[in-house]
Amino acid sequence: MRVEFLGTGTSYGIPMVGCGCPVCRSRDPRDKRFRPSVLFTGAGKAVLLDTPQDLRLACLRSGIRRVDAVLMSHEHADHVFGFDDLRAFSNRMEEPLPVYASSALCAALRRTFPYLGRPPVPGTSLARLKLHETDGRREIFPGVAATPLPVEHGRSAMTGWRVDCGGASAAVVSDCKRIPPETMEKIRGVDLLVLDGLREEPHPTHFSFSEALDAAEEAQPKRLLLTHLCHATSHRDACAVVARRGLPFPASVAFDRLAVTLPES
Ligand SMILES: [Zn+2]
Ligand SMILES: [Zn+2]
Ligand SMILES: [Zn+2]
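Residues numbered from 1 in each chain as written. Chains lettered and ligands numbered in written order. Predicted model: local features only at pLDDT ≥ 70, side-chain atom pairs only at ≥ 80, totals over all residues.

Q: I'd like a rundown of the overall build of the chain, residues and numbers included.
A: Across its full length, the chain carries seven helices and 14 strands. Taking 265 residues into account, the globule formula puts the C-alpha radius of gyration at 18 Å, and the chain, at 18 Å, falls close to it. Once the C-alpha set of the chain is aligned to its principal axes, its extents read approximately 60 × 45 × 35 Å. For the chain, the share of sequence-separated contacts (at least 6 apart) that also reach a separation of at least 24 residues comes to 66%. (Helix = DSSP H or I, 4+ residues; strand = E, 2+ residues; numbered from the N terminus. Rg over C-alpha atoms; globule rule 2.2 N^0.38 Å. Contact = placed C-beta atoms within 7 Å.)

Q: Can you explain helix H1 (residues 55-62)? Please cite residues and give values.
A: Looking only at H1, the buried set comprises Leu55, Ala58 and Cys59. Taken end-on, H1 shows its buried residues confined to a sector of 95°, consistent with a single buried face. Packing partners of the buried residues in H1 comprise strand E1 (2-7) and strand E2 (37-42). Looking one or two residues past H1, Gly63 carries a phi angle of roughly 65°, positive in sign. (Buried ≥ 20, exposed ≤ 12 C-beta atoms within 10 Å, placed from the backbone. Arc of directions from axis to C-beta.)

Q: Tell me about the nonpolar core, and name the residues and values.
A: Among the nonpolar cores identified, the biggest contains 74 residues, and Ala170, Leu193, Leu195 and Leu226 are the most heavily contacted of them. Among the elements that make up this core, the one with the highest residue count is helix H6 (residues 209-219) (six residues). Ignoring anything within four residues of it in the chain, the contact list for Leu226 reads Leu195, Gly197, Phe209, Ala212, Ala238, Val242, Val253 and Ala254. (Core = buried A, V, L, I, M, F, W, Y, C linked by C-beta atoms within 7 Å.)

Q: How would you sum up the sheet that holds strand E8 (residues 144-153)? Please name residues and give values.
A: Strands sit in the order E7-E8-E9-E10-E11-E12-E13 across an open sheet of seven strands; the sheet is mixed. Since the sheet does not close on itself, it has two edges, and those belong to strand E7 (138-141) and strand E13 (251-253), each with one partner. Put simply, the sheet's adjacent strands are angled 25° from each other on average, direction ignored. Packed onto the sheet, H6 meets strand E11 (192-196), strand E12 (224-227) and E13 and runs at close to 150° relative to E11. (Pairing = 2+ DSSP bridges. Axes fitted to C-alpha atoms, helices over the stretch in contact; angles between N-to-C directions.)

Q: Outline the pairing of strand E6 (residues 129-133), listing residues and values.
A: Two strands pair when backbone bridges link them, and strand E5 (residues 97-101) and E6 are joined in this way by five bridges, in the parallel orientation. Following the sheet pairing, Pro98 is matched in E6 by Lys130. One crossover worth recording links E5 to the parallel E6 by way of helix H4 (residues 103-112), and it is right-handed. (Right-handed = clockwise from strand over helix to strand, strands pointing away.)

Q: Please set out the sheet that holds strand E14 (residues 259-261) residue by residue, giving values where relevant.
A: Strand order in the open sheet made by the seven strands is E6-E5-E4-E3-E2-E1-E14, with mixed pairing throughout. Among the strands making up the open sheet, the edge pair consists of E6 and E14. Going from strand to strand, the sheet's axes swing by 20° on average, the running direction of each strand aside. Both strand E3 (residues 45-49) and strand E4 (residues 69-71) contribute to a ladder of three bridges, which runs parallel. Each residue of the ladder has a partner; that of Val47, found in E4, is Ala69. Of the strands in this sheet, E1 and E2 touch H1, which is tilted by about 130° from E1. Relative to the sheet, H4 contacts E5 and E6, its axis offset from that of E6 by approximately 150°.

Q: If you had to explain the pairing of E8 to someone new, which residues and values would you point to?
A: In terms of burial, E8 is a largely internal element, seven of the 10 residues being buried. One ladder, built from three bridges, connects E7 with E8; its direction is antiparallel. In the strand pairing of E8, Phe141 is matched with Val144. Linking E7 back to E8 in an antiparallel pair, the connection comprises two residues, with Gly143 at a positive phi of about 85°. Hairpin connection, E8 to strand E9 (residues 156-165): the antiparallel pair is bridged by two residues, and Gly154 has positive phi, about 65°.

Q: Can you break down unusual backbone geometry residue by residue, with the values?
A: Here the residue pair Ile14 and Pro15 is connected by a cis peptide bond, since its omega of 0° sits within 30 degrees of zero. Along the chain, the position of Pro15 falls in the loop between E1 and E2. Positive phi, normally seen in glycine, also occurs at Ala43, with a value near 55°. Here Ala43 lies in the loop between E2 and E3. Judged by C-beta crowding, with 15 C-beta atoms within 10 Å, Ala43 ranks as partly exposed.

Q: Would you mind going over helix H7 (residues 235-244) in detail, with residue names and values included?
A: What H7 keeps buried is the set His235, Ala238 and Val242. Down the axis of H7, the sector holding all buried residues measures 65°, keeping them to one side. Turned more than 90 degrees off the buried face of H7, the exposed positions are Ala240, Ala243 and Arg244. Against the buried residues of H7 lie H6, E12 and E13. Downstream of H7 by one or two residues, Gly246 has phi in the positive range, about 60°.

Next up, the structure:
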């Protein structure tokens, strides 16, 4: 299974509009971060996690021509406001594009995009999507399973996702302040764990670096990457903070267009 990071920034993206801080002015390409989204590819299928505002640009940048299913995490703008751009994929499909989300998030998506449930005006096109309310592990294609991972993220319910394919496993929890024990059990020992790591300073609704590393220590993945960074820390400095912790498994910081291939058994 291949896991590609289409975006790894927090809700503002980096650079942030109007900011002249050293990270926003950095020439390191790893300090340019779109809003967060991930593409899992395996068993001949491409599964997208989240539809941020930058989805169109991210898909063009990575040459993504096809998405077979979509997993959604939560209703914040930096995860759903590119939802309508799924039209580019669904237009080329025979059947509606399947979208998996919690029942609460399905309701929020129907409220935010009410026109998507209606037939299009003749001569126009709308995204053809089928929402699947998913509150437990589900085989979304033969050999590809998706498991919702409910976590605490301030006032918002938030669902990370674990994808299993060909014996490889990856869990992505992009926005999180606390992982409840039931969810921790579902991510323990995964091949790749991706966690919210906003910045060094604590934040009311996101993991700081050290909180993310504490959670990773408990989860004991085979590999850890942090995502959803804000402009408070450069990529290089964030990697140094993670390295100083000396975790017993490879741990680092994701950046846009990073692709990780997980060996299948
Ligand atoms: Zn977010
Ligand atoms: Zn800045
Ligand atoms: Zn959020």
